[in-house]
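Breakdown of the fold
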Amino acid sequence: MGDRCTVTIRGCDLMSYFSDMTNLCWFLEPELEDAIKNLHGAVGNAATEDRYIVVGTGSTQLCQAAIHALSSLAGTNPVSVVAAAPFYSTYVEETTYVRSGMYNWEGDAWSFDKKGPYIELVTSPNNPDGTIRETVVNRPDDDEAKVIHDFAYYWPHYTPITRRQDHDIMLFTFSKITGHAGSRIGWALVKDKEVAKKMVEYIIVNSIGVSKESQVRTAKILNVLKETCKSESESDNFFKYGREMMKDRWEKLREVVKESDAFTLPKYPEAFCNYFGKSLESYPAFAWLGTKEETDLASELRRHKVLCRAGERCGSDKKHVRVSMLSREDDFNAFLERLANMKAH
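Residues numbered from 1 in each chain as written. Predicted model: local features only at pLDDT ≥ 70, side-chain atom pairs only at ≥ 80, totals over all residues. Heavy atoms only, no water.

Another aspect to go through is the overall build of the protein. Looking only at helices and strands, the protein features nine helices and 13 strands. The globule rule puts the C-alpha radius of gyration for 345 residues at 20 Å, and the 21 Å found for the protein is close to it. Overall, the protein is about 65 × 55 × 40 Å in size when its C-alpha atoms are taken along their principal axes. If you take every contact in the protein between residues at least 6 apart in sequence, the share linking residues at least 24 apart comes to 71%. Summing over all exposed atoms, the protein offers an accessible surface of approximately 16400 Å²; the carbon and sulfur share of this is 47%. The average position of the 44 basic charges and that of the 50 acidic charges among the side chains of the protein differ by 2 Å. (Helix = DSSP H or I, 4+ residues; strand = E, 2+ residues; numbered from the N terminus. Rg over C-alpha atoms; globule rule 2.2 N^0.38 Å. Contact = heavy atoms within 4.5 Å. Areas by Shrake-Rupley, 256 points an atom, 1.4 Å probe, with all protein chains shown as cover. Lys, Arg positive; Asp, Glu negative; His and termini not counted. Charge placed at Lys NZ, Arg CZ, Asp CG, Glu CD.)

See below:
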């Protein structure tokens, strides 16, 4: 992208806490709000009309804010929080770290049958295994049932955009679109005004808003991405470029696994992508790597100097691990080489 995403901020800029006092989320920079709406409109992955946009310090803070908001508006406490295994391991820490009396982590949604209010966390495509997810508990007539949809990876370089998502609370994060994890920017698309207000209150108490420098930089980059959506050139269209890179990495990883009798990887069905206008396969941000042997795969990989997240942390077993597909090229190639050496032994 060269200098197209460069932002200049003077020493006297962005000094106030406030961005737009007419907005429910008054610390949201107007240019970021517009950039979010425009990019979702260009990609077609989420509805932004008739919604409140709440900006947060990454989707991590927003997930905590949403759980707090839904719990505080529930009739009784504590509210049960669940996610279908394998789940994003940080959900456990987010819901247990402060030992809140408002909600309890109840674990795997597949086995959840407790009565009373509950919140189901649905990540789609799922982290760690890349599968497309819907709700599992499914109590459609239960007013106490609430769902938070985490769509961090629902972008066309990872997965086919099969529909324009339209849910009560939808979380997105800048880091998983472009890799700018250090900017710490996420946003929530929220239908209900009272839920949005409670989320904003949480963020005010937690961090008194969100970094304006990060918001301005994010807005600039999202606007550039939106402009590249019009390009037919793979070298200029960000999502085309990203998809080809992910495809190349997954093909290389599958080749290493294919030559081995020890490892397994999930298979992903093709689906029609509205963004690209054709049927495509998924190329998730993480590989859910398994082993056919009765062994602790995470420990085995670490012995070969491969960092991963153990399956047990994701509500699964020792035979599975999550491995990042988003590292720099040299690191990814070193991972493939070390994995190939493992199967050779």
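With that out of the way, let us pick up the side chain of T48. Position of T48 among the secondary structure elements: in the loop between α1 (30-43) and β1 (52-56). Given a relative accessible area of 11%, T48 falls into the buried group. In this structure T48 touches K37, H40, R164 and L189, once residues within four positions along its chain are discounted. (Buried < 20%, exposed > 50% of the residue type's maximum accessible area, 1.4 Å probe, protein only.)

Attention now goes to the pairing of strand β4 (residues 118-123). For β4, the buried fraction is high: six of the six residues fall into the buried class. Where burial is concerned, the two faces of β4 agree: the one with Y118, E120 and V122 and the one with I119, L121 and T123 are both buried. Judged from the four bridges that link them, strand β2 (residues 79-83) and β4 form a sheet pairing that is parallel. Considered in β4, the bridge of V82 is made with E120. Here β4 pairs with strand β5 (residues 145-150) via six bridges, running parallel. Looking at the pairing, L121 lines up with I148 of β5. (Pairing = 2+ DSSP bridges.)

Right, let's get into the domain arrangement of the protein. Split by domain assignment, the protein resolves into domain 1 (14-228) and domain 2 (238-344). One C-alpha centre belongs to domain 1, the other to domain 2; they are set 26 Å apart. With 29 residues of domain 1 in contact, the opposing surface of domain 2 contributes 29 residues. Between domain 1 and domain 2, a total of about 2300 Å² is buried, with carbon and sulfur atoms accounting for 62% of that surface. (Domains from an automatic or database assignment. Buried area = accessible area lost by both parts, 1.4 Å probe.)

Our next topic: unusual backbone geometry. Geometrically, the link from A85 to P86 is a cis peptide bond, its omega value of -5° lying close to zero. You can see P86 is positioned in the loop between β2 and α3 (90-96). A cis amide bond links S124 to the next residue, P125, at an omega of -5°. As for its placement among the helices and strands, P125 is situated in the loop between β4 and β5. Phi at R184 takes a positive value of approximately 55°, unusual for a residue other than glycine. Topologically, R184 is positioned in the loop between α4 (174-178) and β7 (186-190). Its relative accessible area of 32% is what places R184 among the partly exposed residues. Positive phi, normally seen in glycine, also occurs at K305, with a value near 60°. As for its placement among the helices and strands, K305 is situated in the loop between α8 (297-303) and β12 (309-310). Relative accessible area serves as the criterion here: at 68%, K305 is assigned to the exposed category.

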